[in-house]
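# Topology and contacts: notes
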Amino acid sequence: MKVICSKDELIKGMQMVQPVVSNKVTLPVLSNFLFETEGNKVKLSATDLEIGINCYIKAEIQKEGAVTIPTKRFTDIIKELPDGNIEIKSDDTNQINIKSAKSKFILMGIDKKEYPSLPDFPKENNIKIKTKTLADMFKKTIFSVSKDEQRYVLNGVYLIADNGVLKAVSTDGRRLSYISLDGIDKKLSQKAIIPTKAVADILRLLALNDQIEEVTVGLSDNQVAVQAGDITFLSNLIEGTFPNYEQVIPKKMTSKIKLKVADTISAVKQMALLTDNKLVSDKSSSVKFTFEDNKLYISANTAGLGSGETELDVQYSGSKFDINFNPTYIKEVLQNTDDDNVIFSYTTSQNPVVLVPEKNEKYICVVMPMR
(Lines give C-alpha, C1' and ligand atoms only; values in the text may rest on other atoms or scores of the structure.)
Protein backbone atom coordinates (compact mmCIF):
# COMPACT_ATOMS: atom_id res chain seq x y z
CA MET A 1 0.00 0.00 0.00
CA LYS A 2 1.13 3.52 -0.74
CA VAL A 3 -0.97 6.65 -0.18
CA ILE A 4 -0.39 10.38 0.18
CA CYS A 5 -2.62 12.33 2.57
CA SER A 6 -2.53 15.87 3.85
CA LYS A 7 -1.77 16.32 7.53
CA ASP A 8 -5.14 18.04 8.01
CA GLU A 9 -7.05 15.07 6.59
CA LEU A 10 -5.14 12.61 8.78
CA ILE A 11 -5.70 14.72 11.89
CA LYS A 12 -9.41 14.94 11.08
CA GLY A 13 -9.62 11.17 10.66
CA MET A 14 -7.72 10.41 13.85
CA GLN A 15 -10.01 12.74 15.82
CA MET A 16 -12.83 10.41 14.81
CA VAL A 17 -11.27 7.02 15.54
CA GLN A 18 -8.73 7.54 18.33
CA PRO A 19 -11.22 8.00 21.23
CA VAL A 20 -12.83 4.65 20.37
CA VAL A 21 -9.56 2.76 20.86
CA SER A 22 -9.23 1.46 24.41
CA ASN A 23 -5.93 1.51 26.33
CA LYS A 24 -7.04 -1.57 28.26
CA VAL A 25 -7.25 -4.32 25.65
CA THR A 26 -6.83 -8.08 25.77
CA LEU A 27 -6.07 -8.33 22.05
CA PRO A 28 -2.99 -6.34 20.90
CA VAL A 29 -4.66 -5.61 17.54
CA LEU A 30 -7.35 -3.58 19.33
CA SER A 31 -4.70 -1.01 20.22
CA ASN A 32 -4.47 -0.39 16.48
CA PHE A 33 -6.85 1.12 13.96
CA LEU A 34 -7.45 -0.19 10.46
CA PHE A 35 -6.03 1.93 7.62
CA GLU A 36 -7.18 0.74 4.19
CA THR A 37 -7.78 2.06 0.71
CA GLU A 38 -11.28 2.02 -0.74
CA GLY A 39 -11.81 3.54 -4.18
CA ASN A 40 -10.14 6.93 -4.23
CA LYS A 41 -10.28 7.39 -0.47
CA VAL A 42 -8.75 5.97 2.70
CA LYS A 43 -11.03 4.30 5.22
CA LEU A 44 -10.14 4.43 8.91
CA SER A 45 -11.81 2.00 11.33
CA ALA A 46 -11.53 1.39 15.07
CA THR A 47 -13.33 -0.79 17.61
CA ASP A 48 -13.09 -2.02 21.19
CA LEU A 49 -15.60 -4.80 20.43
CA GLU A 50 -18.38 -2.83 22.19
CA ILE A 51 -18.36 0.26 19.99
CA GLY A 52 -16.87 0.91 16.57
CA ILE A 53 -16.44 3.65 14.01
CA ASN A 54 -15.32 4.06 10.44
CA CYS A 55 -14.75 7.20 8.41
CA TYR A 56 -13.24 8.24 5.10
CA ILE A 57 -10.56 10.80 4.34
CA LYS A 58 -9.29 12.20 1.05
CA ALA A 59 -6.02 10.78 -0.28
CA GLU A 60 -3.98 10.10 -3.39
CA ILE A 61 -3.98 6.31 -3.77
CA GLN A 62 -0.78 5.16 -5.46
CA LYS A 63 -1.08 1.51 -4.42
CA GLU A 64 -4.05 -0.22 -2.81
CA GLY A 65 -3.77 -2.12 0.45
CA ALA A 66 -4.59 -2.30 4.13
CA VAL A 67 -2.81 -2.54 7.47
CA THR A 68 -3.59 -1.91 11.14
CA ILE A 69 -1.48 0.83 12.73
CA PRO A 70 -0.71 1.53 16.43
CA THR A 71 -3.22 4.29 17.18
CA LYS A 72 -1.55 6.43 19.84
CA ARG A 73 1.94 6.28 18.34
CA PHE A 74 0.66 7.14 14.86
CA THR A 75 -1.45 10.04 16.18
CA ASP A 76 1.46 11.48 18.16
CA ILE A 77 3.75 11.30 15.11
CA ILE A 78 1.24 12.93 12.75
CA LYS A 79 0.65 15.82 15.17
CA GLU A 80 4.37 16.65 15.26
CA LEU A 81 5.00 16.48 11.52
CA PRO A 82 5.08 19.72 9.52
CA ASP A 83 2.00 20.86 7.60
CA GLY A 84 1.65 19.46 4.11
CA ASN A 85 1.45 16.02 2.53
CA ILE A 86 2.43 12.81 4.31
CA GLU A 87 3.38 9.60 2.52
CA ILE A 88 2.30 6.33 4.16
CA LYS A 89 3.51 2.96 2.85
CA SER A 90 3.19 -0.60 4.08
CA ASP A 91 4.69 -3.86 2.82
CA ASP A 92 3.98 -7.58 3.12
CA THR A 93 5.60 -7.69 6.57
CA ASN A 94 3.18 -4.97 7.82
CA GLN A 95 6.03 -2.50 8.23
CA ILE A 96 4.68 1.04 7.94
CA ASN A 97 6.84 3.83 6.55
CA ILE A 98 5.77 7.41 7.26
CA LYS A 99 7.50 10.24 5.40
CA SER A 100 6.94 14.00 5.53
CA ALA A 101 9.43 16.59 4.26
CA LYS A 102 12.74 15.57 5.90
CA SER A 103 11.18 13.37 8.58
CA LYS A 104 10.88 9.57 8.38
CA PHE A 105 9.33 7.04 10.77
CA ILE A 106 8.88 3.27 10.75
CA LEU A 107 6.14 1.53 12.74
CA MET A 108 5.22 -2.13 12.93
CA GLY A 109 1.59 -2.86 12.17
CA ILE A 110 -0.57 -5.98 12.33
CA ASP A 111 -2.21 -7.74 9.41
CA LYS A 112 -5.75 -6.67 8.52
CA LYS A 113 -6.91 -10.30 8.78
CA GLU A 114 -6.53 -10.16 12.56
CA TYR A 115 -8.75 -7.08 12.93
CA PRO A 116 -12.44 -7.58 13.86
CA SER A 117 -14.86 -6.56 11.12
CA LEU A 118 -17.53 -3.97 11.90
CA PRO A 119 -21.21 -4.73 11.18
CA ASP A 120 -22.89 -3.03 8.23
CA PHE A 121 -25.23 -0.11 8.81
CA PRO A 122 -28.76 -1.54 9.34
CA LYS A 123 -30.87 -1.25 6.19
CA GLU A 124 -34.18 -1.16 8.10
CA ASN A 125 -35.45 0.72 11.17
CA ASN A 126 -33.74 3.95 10.15
CA ILE A 127 -34.59 7.46 11.32
CA LYS A 128 -33.42 10.61 9.57
CA ILE A 129 -33.02 13.39 12.10
CA LYS A 130 -31.38 16.82 12.20
CA THR A 131 -27.90 16.70 13.69
CA LYS A 132 -28.65 19.46 16.22
CA THR A 133 -31.89 17.77 17.27
CA LEU A 134 -30.24 14.43 18.01
CA ALA A 135 -27.40 16.15 19.88
CA ASP A 136 -29.96 18.13 21.89
CA MET A 137 -31.89 14.99 22.88
CA PHE A 138 -28.75 13.28 24.13
CA LYS A 139 -27.39 16.38 25.92
CA LYS A 140 -30.67 16.76 27.77
CA THR A 141 -30.64 13.17 29.04
CA ILE A 142 -27.04 11.93 29.43
CA PHE A 143 -26.46 13.75 32.72
CA SER A 144 -29.21 11.75 34.46
CA VAL A 145 -27.77 8.32 33.59
CA SER A 146 -26.91 6.11 36.54
CA LYS A 147 -23.24 5.41 37.29
CA ASP A 148 -24.11 2.40 39.48
CA GLU A 149 -22.88 -0.61 37.47
CA GLN A 150 -25.07 -2.96 39.51
CA ARG A 151 -28.11 -1.23 38.00
CA TYR A 152 -26.79 -1.82 34.51
CA VAL A 153 -30.09 -1.18 32.67
CA LEU A 154 -29.87 2.42 33.93
CA ASN A 155 -26.31 2.86 32.60
CA GLY A 156 -27.50 4.40 29.36
CA VAL A 157 -30.08 6.51 27.54
CA TYR A 158 -33.31 4.69 26.68
CA LEU A 159 -34.37 5.52 23.11
CA ILE A 160 -37.90 4.66 22.01
CA ALA A 161 -39.37 5.03 18.53
CA ASP A 162 -43.11 4.44 18.50
CA ASN A 163 -46.13 5.71 16.57
CA GLY A 164 -44.31 8.64 14.97
CA VAL A 165 -42.61 9.81 18.19
CA LEU A 166 -38.97 9.48 19.22
CA LYS A 167 -38.32 9.59 22.97
CA ALA A 168 -35.14 9.66 25.04
CA VAL A 169 -35.18 8.87 28.76
CA SER A 170 -32.57 8.45 31.47
CA THR A 171 -32.69 8.01 35.24
CA ASP A 172 -30.42 7.15 38.14
CA GLY A 173 -33.27 6.49 40.56
CA ARG A 174 -33.10 9.96 42.11
CA ARG A 175 -33.84 12.02 39.00
CA LEU A 176 -35.21 11.46 35.53
CA SER A 177 -34.87 13.29 32.22
CA TYR A 178 -37.33 12.83 29.37
CA ILE A 179 -37.57 14.45 25.94
CA SER A 180 -39.70 13.63 22.92
CA LEU A 181 -39.72 14.49 19.21
CA ASP A 182 -42.74 14.22 16.92
CA GLY A 183 -42.73 13.55 13.20
CA ILE A 184 -40.66 10.41 12.69
CA ASP A 185 -41.78 7.45 10.57
CA LYS A 186 -44.93 6.00 12.16
CA LYS A 187 -44.03 2.53 10.93
CA LEU A 188 -40.88 2.46 13.04
CA SER A 189 -41.22 0.71 16.40
CA GLN A 190 -38.01 0.04 18.29
CA LYS A 191 -36.54 0.34 21.79
CA ALA A 192 -32.86 0.55 22.71
CA ILE A 193 -30.77 1.28 25.81
CA ILE A 194 -27.65 3.04 24.50
CA PRO A 195 -24.61 2.88 26.83
CA THR A 196 -23.39 6.15 28.31
CA LYS A 197 -20.00 5.91 26.60
CA ALA A 198 -21.67 5.42 23.23
CA VAL A 199 -23.92 8.44 23.80
CA ALA A 200 -20.88 10.54 24.76
CA ASP A 201 -19.04 9.37 21.63
CA ILE A 202 -22.04 10.19 19.44
CA LEU A 203 -22.19 13.69 20.96
CA ARG A 204 -18.47 14.14 20.28
CA LEU A 205 -18.85 13.07 16.65
CA LEU A 206 -21.86 15.31 16.11
CA ALA A 207 -19.96 18.27 17.58
CA LEU A 208 -16.98 17.63 15.28
CA ASN A 209 -19.31 17.36 12.27
CA ASP A 210 -21.92 19.99 13.05
CA GLN A 211 -21.75 21.21 9.44
CA ILE A 212 -23.65 18.03 8.51
CA GLU A 213 -27.30 19.04 8.83
CA GLU A 214 -28.89 15.58 8.99
CA VAL A 215 -27.85 12.18 10.32
CA THR A 216 -29.39 8.72 10.08
CA VAL A 217 -29.98 6.63 13.19
CA GLY A 218 -30.35 2.87 12.71
CA LEU A 219 -31.73 0.62 15.42
CA SER A 220 -31.68 -3.17 15.65
CA ASP A 221 -32.30 -5.62 18.48
CA ASN A 222 -28.70 -5.45 19.70
CA GLN A 223 -27.08 -2.41 18.06
CA VAL A 224 -27.48 1.28 17.38
CA ALA A 225 -25.77 2.99 14.45
CA VAL A 226 -25.41 6.65 13.57
CA GLN A 227 -24.36 7.74 10.09
CA ALA A 228 -23.18 11.31 9.54
CA GLY A 229 -21.85 11.86 6.04
CA ASP A 230 -18.81 9.59 5.57
CA ILE A 231 -18.75 8.62 9.26
CA THR A 232 -20.51 5.57 10.70
CA PHE A 233 -20.64 4.90 14.43
CA LEU A 234 -21.92 1.61 15.89
CA SER A 235 -22.48 0.41 19.42
CA ASN A 236 -23.81 -2.65 21.18
CA LEU A 237 -26.89 -2.02 23.30
CA ILE A 238 -27.46 -2.72 26.98
CA GLU A 239 -29.54 -5.85 27.36
CA GLY A 240 -32.43 -5.82 29.79
CA THR A 241 -35.72 -4.07 30.47
CA PHE A 242 -35.76 -0.37 31.26
CA PRO A 243 -38.11 0.49 34.17
CA ASN A 244 -41.53 2.00 33.50
CA TYR A 245 -40.47 5.65 33.38
CA GLU A 246 -44.04 6.87 32.79
CA GLN A 247 -44.95 5.88 36.34
CA VAL A 248 -42.16 8.08 37.69
CA ILE A 249 -43.40 11.27 36.02
CA PRO A 250 -46.09 12.81 38.29
CA LYS A 251 -49.36 13.48 36.50
CA LYS A 252 -50.92 16.01 38.90
CA MET A 253 -49.03 18.80 40.65
CA THR A 254 -50.70 21.10 43.18
CA SER A 255 -48.39 24.11 42.80
CA LYS A 256 -46.42 25.69 39.96
CA ILE A 257 -43.88 28.50 40.17
CA LYS A 258 -41.95 30.17 37.37
CA LEU A 259 -38.20 30.44 38.02
CA LYS A 260 -35.64 32.44 36.06
CA VAL A 261 -33.06 29.91 34.88
CA ALA A 262 -29.93 32.10 34.99
CA ASP A 263 -30.72 33.55 38.43
CA THR A 264 -31.56 30.17 39.91
CA ILE A 265 -28.38 28.56 38.55
CA SER A 266 -26.32 31.35 40.08
CA ALA A 267 -28.05 31.01 43.46
CA VAL A 268 -27.67 27.21 43.54
CA LYS A 269 -23.99 27.45 42.58
CA GLN A 270 -23.39 29.93 45.40
CA MET A 271 -24.94 27.69 48.02
CA ALA A 272 -23.26 24.58 46.58
CA LEU A 273 -19.95 26.12 47.66
CA LEU A 274 -20.92 25.06 51.18
CA THR A 275 -21.74 21.49 50.16
CA ASP A 276 -18.95 20.70 47.67
CA ASN A 277 -16.53 19.43 50.27
CA LYS A 278 -15.03 16.00 50.96
CA LEU A 279 -15.85 16.44 54.64
CA VAL A 280 -19.53 16.84 53.84
CA SER A 281 -21.56 13.63 53.76
CA ASP A 282 -24.19 12.99 51.11
CA LYS A 283 -26.92 13.40 53.73
CA SER A 284 -25.88 16.94 54.59
CA SER A 285 -24.85 18.08 51.10
CA SER A 286 -28.19 19.67 50.25
CA VAL A 287 -29.49 23.14 49.53
CA LYS A 288 -32.85 24.29 50.84
CA PHE A 289 -35.48 26.01 48.72
CA THR A 290 -37.86 28.12 50.84
CA PHE A 291 -40.85 29.79 49.17
CA GLU A 292 -42.46 32.61 51.16
CA ASP A 293 -44.11 35.97 50.34
CA ASN A 294 -43.09 36.25 46.67
CA LYS A 295 -39.55 35.20 47.49
CA LEU A 296 -37.47 32.09 46.97
CA TYR A 297 -34.71 31.73 49.56
CA ILE A 298 -31.97 29.27 48.58
CA SER A 299 -29.74 28.36 51.49
CA ALA A 300 -27.20 25.88 52.80
CA ASN A 301 -26.09 25.14 56.36
CA THR A 302 -23.29 22.64 56.92
CA ALA A 303 -22.08 21.84 60.42
CA GLY A 304 -18.42 22.68 60.90
CA LEU A 305 -18.26 24.47 57.55
CA GLY A 306 -20.66 27.40 57.49
CA SER A 307 -23.95 28.66 56.13
CA GLY A 308 -25.27 30.93 53.41
CA GLU A 309 -28.47 32.25 51.88
CA THR A 310 -29.56 34.20 48.83
CA GLU A 311 -32.99 35.28 47.64
CA LEU A 312 -34.84 35.50 44.34
CA ASP A 313 -38.06 37.26 43.41
CA VAL A 314 -40.86 34.86 42.44
CA GLN A 315 -44.63 34.94 42.23
CA TYR A 316 -45.66 32.99 45.33
CA SER A 317 -48.42 33.80 47.81
CA GLY A 318 -48.97 30.50 49.62
CA SER A 319 -47.85 29.44 53.07
CA LYS A 320 -44.15 28.95 53.76
CA PHE A 321 -42.81 25.88 51.94
CA ASP A 322 -39.39 24.21 52.41
CA ILE A 323 -37.81 21.54 50.23
CA ASN A 324 -34.23 20.23 50.05
CA PHE A 325 -32.26 19.15 46.99
CA ASN A 326 -28.92 17.80 45.94
CA PRO A 327 -27.61 21.01 44.29
CA THR A 328 -26.00 19.12 41.42
CA TYR A 329 -29.34 17.66 40.35
CA ILE A 330 -31.03 21.05 40.12
CA LYS A 331 -28.01 22.72 38.55
CA GLU A 332 -27.66 20.14 35.77
CA VAL A 333 -31.34 20.36 34.87
CA LEU A 334 -31.17 24.14 34.60
CA GLN A 335 -27.89 24.11 32.65
CA ASN A 336 -29.52 21.90 30.02
CA THR A 337 -32.59 24.12 29.69
CA ASP A 338 -32.55 26.32 26.57
CA ASP A 339 -35.20 28.64 27.97
CA ASP A 340 -35.10 31.78 30.08
CA ASN A 341 -37.66 30.37 32.49
CA VAL A 342 -38.53 26.96 33.93
CA ILE A 343 -41.80 25.89 35.55
CA PHE A 344 -41.13 24.34 38.97
CA SER A 345 -44.04 22.07 39.98
CA TYR A 346 -44.49 20.27 43.31
CA THR A 347 -46.95 18.72 45.74
CA THR A 348 -45.16 18.14 49.08
CA SER A 349 -41.61 18.39 50.38
CA GLN A 350 -41.33 14.59 50.27
CA ASN A 351 -42.56 14.02 46.71
CA PRO A 352 -40.66 14.53 43.45
CA VAL A 353 -40.73 17.91 41.74
CA VAL A 354 -41.09 18.44 38.00
CA LEU A 355 -39.13 21.04 36.05
CA VAL A 356 -40.25 21.93 32.54
CA PRO A 357 -38.95 24.76 30.31
CA GLU A 358 -41.66 27.40 29.93
CA LYS A 359 -41.64 27.13 26.12
CA ASN A 360 -40.86 23.42 25.67
CA GLU A 361 -43.28 21.01 27.33
CA LYS A 362 -41.64 18.08 25.56
CA TYR A 363 -38.63 18.26 27.90
CA ILE A 364 -39.43 17.07 31.41
CA CYS A 365 -37.11 16.59 34.37
CA VAL A 366 -38.11 14.93 37.63
CA VAL A 367 -36.00 15.40 40.78
CA MET A 368 -36.45 13.65 44.11
CA PRO A 369 -35.99 15.93 47.14
CA MET A 370 -33.57 15.07 49.92
CA ARG A 371 -35.11 14.19 53.26
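I will try to describe carefully the structure that is included in this document.

About the cut-offs
- Residues numbered from 1 in each chain as written.
- Predicted model: local features only at pLDDT ≥ 70, side-chain atom pairs only at ≥ 80, totals over all residues.
- Heavy atoms only, no water.
- Salt bridge = Lys/Arg side-chain N within 4 Å of Asp/Glu carboxyl O.
- Helix = DSSP H or I, 4+ residues; strand = E, 2+ residues; numbered from the N terminus.
- Pairing = 2+ DSSP bridges.
- Axes fitted to C-alpha atoms, helices over the stretch in contact; angles between N-to-C directions.
- Contact = heavy atoms within 4.5 Å.
- Core = buried A, V, L, I, M, F, W, Y, C linked by side-chain atoms within 4.5 Å.
- Buried < 20%, exposed > 50% of the residue type's maximum accessible area, 1.4 Å probe, protein only.
- Arc of directions from axis to C-beta.
- Parallel < 35°, antiparallel > 145°, perpendicular 65-115°, else oblique.
- Left-handed = near helix turned anticlockwise from the far one by under 90°.
- Nonpolar A, V, L, I, M, F, W, Y, C, P; charged D, E, K, R; others polar.
- Phe/Tyr/Trp six-rings, centres within 6.5 Å; stacked < 30°, edge-to-face > 60°.
- Polar contact = N/O pair within 3.5 Å; in protein donor to acceptor, adjacent residues only side chain to side chain.
- Expected span 1.5 Å × (residues − 1).

Moving on, we get to the pattern of salt bridges. Under the criterion given, the structure shown has 17 salt bridges. A salt bridge links Asp 230 to Lys 41, with the nearest nitrogen and oxygen atoms 2.9 Å apart. Here the residue Asp 230 occupies a position in the loop between β16 (223–228) and β17 (231–236), and Lys 41 occupies one in strand β3 (residues 41–47), the gap between them amounting to 189 residues. Between Asp 201 and Arg 204 there is a salt bridge, with its nearest N and O atoms 3.7 Å apart. Separated by three residues within a single helix, Asp 201 and Arg 204 lie in helix α4 (residues 196–208), roughly one turn from each other. Overlapping salt bridges, with partners in common, bring together Asp 136, Lys 140 and Asp 338 in one network.

Here the focus is the sheet that holds strand β24 (residues 353–357). Read across the open sheet, the eight strands follow the order β14-β11-β12-β13-β25-β24-β23-β18; overall the sheet is antiparallel. Each end of this open sheet is capped by a strand with a single partner; those strands are β14 (190–195) and β18 (255–260). Neighbouring strand axes in the sheet, compared pairwise and without regard to direction, differ in orientation by 20° on average. Pairing of β18 with strand β23 (residues 341–346), which is carried by six bridges, proceeds in the antiparallel orientation. Bridged to Ile 257 within β23 is Phe 344. The sheet contacts of α4 involve β11 (156–162) and β14, and relative to β14 the element is tilted by about 90°.

Now for the nonpolar core. Counting 99 residues, the largest nonpolar core has Phe 35, Phe 74, Phe 289, Phe 291 and Phe 344 as its most contacted members. Top element by residues in this core is α4. It accounts for six residues. Leave out the neighbours within four places in its chain, and Phe 344 touches Ser 255, Lys 256, Ile 257, Leu 259, Phe 289, Phe 291, Ile 323, Phe 325, Val 353, Val 354 and Leu 355.

Next up on the list: helix α2 (residues 71–80). Among the residues of α2, Thr 71, Phe 74, Thr 75, Ile 77 and Ile 78 are the ones counted as buried. Taken down its axis, α2 places every buried residue within 165° of arc, on the same side. Residues of α2 that are exposed and angled more than 90 degrees away from the buried face: Lys 72, Arg 73 and Glu 80. Tucked inside the fold, the buried residues of α2 contact α1 (7–17), β2 (32–38), β6 (66–70), β7 (85–90), β8 (95–100) and β9 (103–108).

Turning to the packing of helix α5 (residues 261–272) against helix α6 (residues 327–335), a few remarks are in order. Interhelical geometry of α5 versus α6 gives an angle of 155° and a closest axis separation of 10 Å. Considering the angle they form, α5 stands roughly antiparallel to α6. You can see that α5 and α6 cross each other, and the crossing is left-handed. Here Val 261, Thr 264, Ile 265, Val 268, Lys 269 and Ala 272 of α5 come into contact with α6, specifically with Pro 327, Ile 330, Lys 331, Leu 334 and Gln 335. When grouped by side-chain class, the residues that make up the contact of α5 with α6 number seven nonpolar, two polar and two charged.

According to the stated counting rule, one finds 15 aromatic pairs in the structure shown. With a centroid separation of 6.4 Å and 75° between ring planes, the pair formed by Tyr 158 and Tyr 245 is classed as edge-to-face. Residue Tyr 158 is located in strand β11, and its partner Tyr 245 is located in the loop between β17 and β18; the two are separated by 87 residues in the primary sequence. On the accessibility criterion, Tyr 158 (10% relative accessible area) is buried.

Residues Ile 127 and Ile 129 of strand β10 (residues 126–130) are buried on one face, while the alternating residues Asn 126, Lys 128 and Lys 130, pointing to the opposite face, are not. Sheet topology note: the β10/strand β15 (residues 214–219) ladder contains five bridges and is antiparallel. Pairing of Lys 128 across the sheet is with Thr 216, part of β15.

Below, the discussion takes up unusual backbone geometry. In this structure, Asp 293 is a non-glycine residue whose phi angle is positive, near 50°. Topologically, Asp 293 is positioned in the loop between β19 (287–292) and β20 (295–302). With relative accessibility at 57%, the residue Asp 293 sits in the exposed group. At Asn 294, a residue that is not glycine, the phi angle is positive and equals roughly 60°.

Before going further, it helps to examine the side chain of Asn 155. For Asn 155, the position within the fold is in the loop between α3 (131–142) and β11. A polar contact of 2.9 Å, which involves the side chain of Asn 155, links it to the backbone oxygen of Ser 146. Non-local contacts of Asn 155, meaning those with residues more than four positions away in its chain, are made with Val 145, Ser 146, Lys 147, Asp 148, Glu 149, Ile 194, Pro 195, Thr 196 and Ile 238.

Now for α4. The end-to-end C-alpha distance of α4 is 19 Å, a good match for the 18 Å that 13 residues give at a rise of 1.5 Å each. Taken residue by residue, α4 has Ala 198, Val 199, Asp 201, Ile 202, Leu 203, Leu 205 and Leu 206 as its buried positions.

What links the strands of a sheet is backbone hydrogen bonding, and the strands pair in either a parallel or an antiparallel sense. With antiparallel pairing, the four strands of this open sheet are ordered in space as β21-β20-β19-β22. Here the strands that pair on one side only, and so sit at the sheet edges, are β21 (306–313) and β22 (321–325). The mean inter-strand angle of the sheet, taken between neighbouring strand axes irrespective of direction, is 20°. Bridge count for β19 against β20 is five bridges, and the pairing is antiparallel. The residue bridging Phe 289 from the neighbouring strand is Ile 298, located in β20. Lying on the sheet, α5 is in contact with β19, β20 and β21; it crosses β21 at an angle near 170°.

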